[in-house]
Amino acid sequence: MKQTWHDLLFAHWPIPAPEMRTLVPRRLTLDTFDGQCWVGIVPFHMSGIRGHALPPLPGLSRFPELNVRTYVIYGGKPGVYFFSLDAANLPAVWAARRFYHLPYFHAAMTASRESSISYCSRRHRSLAEFRGHYRPTGKVQLSVQGSIEHWFTERYCLYTTHHEEVYRGEIHHAPWPLQPAEAEFEVNSMATAASISLPATTPSLLFARKLEVLIWPLRRAE
């Protein structure tokens, strides 16, 4: 599957490993940076969504998405573990749940770009909500291997579990064109909906304007 991701904010908060351990399946090893686990809240919007060698489908190829994630290792390979993924497209939510076993939720969502990105998401039949503004504040640069920015973003697979089996989805893309960012969160209950308590600290903020992505079918990780 091909996708283009636009106007991403990576907002990350540190979470103690014992707290995170209770929330992530035991078969996945927690990945840490300087002894801390991290939870990320990542709003963005997608376009050009299509299967291999197929054109984008009208009404299904462009919509906002917001994920809540942490970082894990399985079989020596680091990747992303999602607590939730909210999307504004109901058929996409159904397909992702059915074929990728991911915790997708249908939400009412809007994203617009003016001097900053204005982003709103409210999950249907839930208190999970995000409302805020964000924008880049510096030049584009590639992250340096060993830095926390590289650790947050340069991950080329996702993990999920289904019937106690671990599955991996490979993701291919160029290195992230990252920029420092600033953000204002008017409402942010996305982590709370996943039973995560965010610390009262300033999050790490990064921005990426655009990235082309290839996503491969889900496979058993064993």
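Residues numbered from 1 in each chain as written. Predicted model: local features only at pLDDT ≥ 70, side-chain atom pairs only at ≥ 80, totals over all residues. Heavy atoms only, no water.

(A) Structural detail: the nonpolar core. In this structure, Met20, Val24, Leu28, Val39, Ile41, Leu66 and Phe83 are the most contacted members of the largest nonpolar core, which totals 35 residues. With near-sequence residues (within four places) excluded, Phe83 lies in contact with Met20, Leu23, Val24, Val39, Val68, Arg69, Thr70, Pro103, Ala194 and Ile196. Listed in part, the 34 residues of the second largest apolar core include Leu8, Phe10, Val80 and Leu158. (Core = buried A, V, L, I, M, F, W, Y, C linked by side-chain atoms within 4.5 Å. Buried < 20%, exposed > 50% of the residue type's maximum accessible area, 1.4 Å probe, protein only. Contact = heavy atoms within 4.5 Å.)

(B) Focus on the state of the cysteines. Applying the stated criterion across every chain, the model contains 0 disulfides. Of all cysteine sulfurs, the one in Cys157 lies closest to Cys37, which takes part in no disulfide; the gap is 16 Å. (Disulfide = S-S within 2.5 Å.)

(C) Structural detail: the side chain of Thr160. Structurally, Thr160 is set in strand β9 (residues 157-162). Among the polar contacts listed, one links the side chain of Thr160 to the backbone oxygen of His101, at a separation of 2.8 Å. Apart from the residues within four sequence positions on either side, Thr160 is in contact with Tyr100, His101, Leu102, Glu165, Val166, Tyr167 and Leu218. (Helix = DSSP H or I, 4+ residues; strand = E, 2+ residues; numbered from the N terminus. Polar contact = N/O pair within 3.5 Å; in protein donor to acceptor, adjacent residues only side chain to side chain.)

(D) Quick look at unusual backbone geometry. One non-glycine residue, His163, adopts positive backbone phi at about 50 degrees. Position of His163 among the secondary structure elements: in the loop between β9 and β10 (165-173). Located in the positive-phi region is Glu164, a residue other than glycine, with phi close to 65 degrees. Relative to the helices and strands, Glu164 resides in the loop between β9 and β10. Since its relative accessible area comes to 69%, Glu164 is described here as exposed.

(E) How the structure looks around the layout of surface pockets. Empty space within the largest pocket amounts to approximately 860 Å³. Looking at the largest pocket, it is lined by 41 residues, and the ones nearest its centre are Met1, Gln3, Ile49, Tyr104 and Ile215. Elements supplying a minimum of two residues to the lining of the largest pocket: β1 (2-15), β3 (37-50), β4 (63-74), β5 (77-87), α2 (90-100), α3 (148-153) and β10. If you tally residues by element for the lining of the largest pocket, the top one is α2, at 6 residues. Looking at the lining of the largest pocket, its residues break down into 31 nonpolar, 6 polar and 4 charged. By volume, the second largest pocket amounts to about 170 Å³. (1 Å grid on protein atoms, 1.4 Å probe; cavity = no way out; pocket = protein on both sides within 12 Å on 5 of 7 lines; lining within 4 Å. Points joined across faces, edges and corners; volume = space filled by probe spheres on them. Nonpolar A, V, L, I, M, F, W, Y, C, P; charged D, E, K, R; others polar.)

(F) Spotlight on the pairing of β1. Burial analysis of β1 places 12 of its 14 residues in the buried class, which makes it a mostly covered element. Alignment of β1 against strand β12 (residues 204-215), held across 10 bridges, turns out to be antiparallel. Of the residues in β12, the one forming a bridge with His6 is Lys210. (Pairing = 2+ DSSP bridges.)

(G) Local environment of the pattern of salt bridges. One pass over the full model with this rule turns up 10 salt bridges. Notably, a salt bridge pairs Asp7 with Arg113, separated by 3.1 Å at the nearest N-O pair. Taken together, the positions of Asp7 in strand β1 and Arg113 in strand β6 (residues 104-113) put the pair 106 residues apart, joining distant regions of the chain. In this structure, the salt-bridge partner of Glu165 is Arg27, at a minimum N-O distance of 4.0 Å. (Salt bridge = Lys/Arg side-chain N within 4 Å of Asp/Glu carboxyl O.)

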